[in-house]
Amino acid sequence: MGYGVKIYQAACKELEDRRRRAEEKAAACRERFFEDCPRAAQIREEMARNASGAARAVLSGGDVRQELTRMKERGMALREEYNGLLAQNGLSQEDVTPQYQCSNCRDSGFVDGRMCQCLKSLQRRMAYERLSMDAPLESCTFESFSLEYYQEDERVYRQMEKVFRACQSYGEKLRPDSPSMLFRGGTGLGKTHLSLAIAGKAIEKGMGVIYGSAQSFAVALEKERFDREPPEEGDTNTQLTECDLLILDDLGTEFPSAYVNAALYNIINSRMLAERPTIISTNLTLKELESRYSERFASRIAGYYGKLEFLGNDVRVQKRLQKSRKHP
């Protein structure tokens, strides 16, 4: 799936706008130059006629080499005169020719039929920005994750160090067919932070990521169940099933519904069969997942997900306490 059709179209539109702006700016400057210096416009026309003479020279059957040499000398003389007129008017070639941001593809997005690196980078940036609108992606990185909040208990610290290293390794090795993961533990222990750190790595690799809370997905699924008009970007069920990486945060906090439970099971089961990775974070134990959803739902999680247990005290509470001590 990659970044998805919407992001691809938006990136192509951005490149198209860049190209248009560069060409319009150069054309406007060139037009003013020709108005101030009519001889420059004449030279441009002479240069075009001189260049087209190559084909005529070949067809005429005369001394092609001599004619091409003459045309080359004529072209160089015209170019020198043209550049001299530019300089006299305080201009350069860069002012009257489009200055594309990407010189490889001239802001077209493709080179010899292959996607240019600039289009790949633009899609990556847009995907990152889009996900950041829904989550604090920039502040949730592996570099910003601190183990200092787990130091009071040695057992907790060792476990959370293990969790952190496992998430780091998972993010570095992440592929479209990586195994799924279950992050289980209380509130404020870093499940969301490390999920989003992995999401950042996925985006760097060009993977399409969907992140959201179980509650937000449940609302969308219920809403679309009764909508007559199909969603503009495709239905939620399809997006959650087909994205490269799905991050389902706070599973178990959504309003219980037989329809949503069945939909979530189908999404998780379909992704498992398609070997697409899913990261689920929850406060519930496997026994509680079975009780809330179903035995087969819990069995899918138990049998196919790698499990990481988060321990400790709520980090957000600790941060607030530290802040209050500094600023009583």
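Above this text sits the structure in question.
Quick summary incoming for the structure in this document. (Residues numbered from 1 in each chain as written. Predicted model: local features only at pLDDT ≥ 70, side-chain atom pairs only at ≥ 80, totals over all residues. Heavy atoms only, no water.)

This part covers the sheet that holds strand β3 (residues 180-185). What the 5 strands build is an open sheet, ordered β4-β5-β6-β3-β7; its pairing is parallel. In this open sheet, the two strands that pair with only one neighbour each are β4 (209-213) and β7 (305-310). On average, each strand axis in the sheet is tilted by 10° relative to the strand beside it, whichever way the strands run. In the packing of helix α8 (residues 214-226) onto the sheet, contacts are made with β4 and β5 (245-251), and the angle to β4 comes to roughly 95°. (Pairing = 2+ DSSP bridges. Helix = DSSP H or I, 4+ residues; strand = E, 2+ residues; numbered from the N terminus. Axes fitted to C-alpha atoms, helices over the stretch in contact; angles between N-to-C directions. Contact = heavy atoms within 4.5 Å.)

Moving on: the nonpolar core. One finds F183, L194, I198 and L245 to be the most contacted residues of the largest nonpolar core, which totals 45 residues. Secondary-structure elements contributing two or more residues to this core are α1 (5-36), α5 (117-134), α6 (154-173), β3, α7 (191-204), β4, β5 and β7. Broken down by element, the residue count for this core peaks at 7 residues, all from α7. Ignoring anything within four residues of it in the chain, the contact list for L194 reads F142, F145, V163, F164, C167, F183 and F310. (Core = buried A, V, L, I, M, F, W, Y, C linked by side-chain atoms within 4.5 Å. Buried < 20%, exposed > 50% of the residue type's maximum accessible area, 1.4 Å probe, protein only.)

Mapped onto the elements, A218 comes out in helix α8. Given the relative accessible area of 5%, A218 is considered buried.

The next point concerns the pattern of salt bridges. Taken as a whole and assessed by the stated rule, the structure comprises 16 salt bridges. With a closest N to O distance of 3.3 Å, R18 and E14 form a salt bridge. Of this pair, R18 and E14 both sit in helix α1, 4 residues apart, which is roughly one turn of the helix. With a relative accessible area of 14%, R18 lands in the buried category. A salt bridge links E23 to R19; its shortest N-O distance comes to 3.4 Å. Remark: R19 and E23 occur in helix α1; sequence separation between them is 4 residues, near one turn of the helix. (Salt bridge = Lys/Arg side-chain N within 4 Å of Asp/Glu carboxyl O.)

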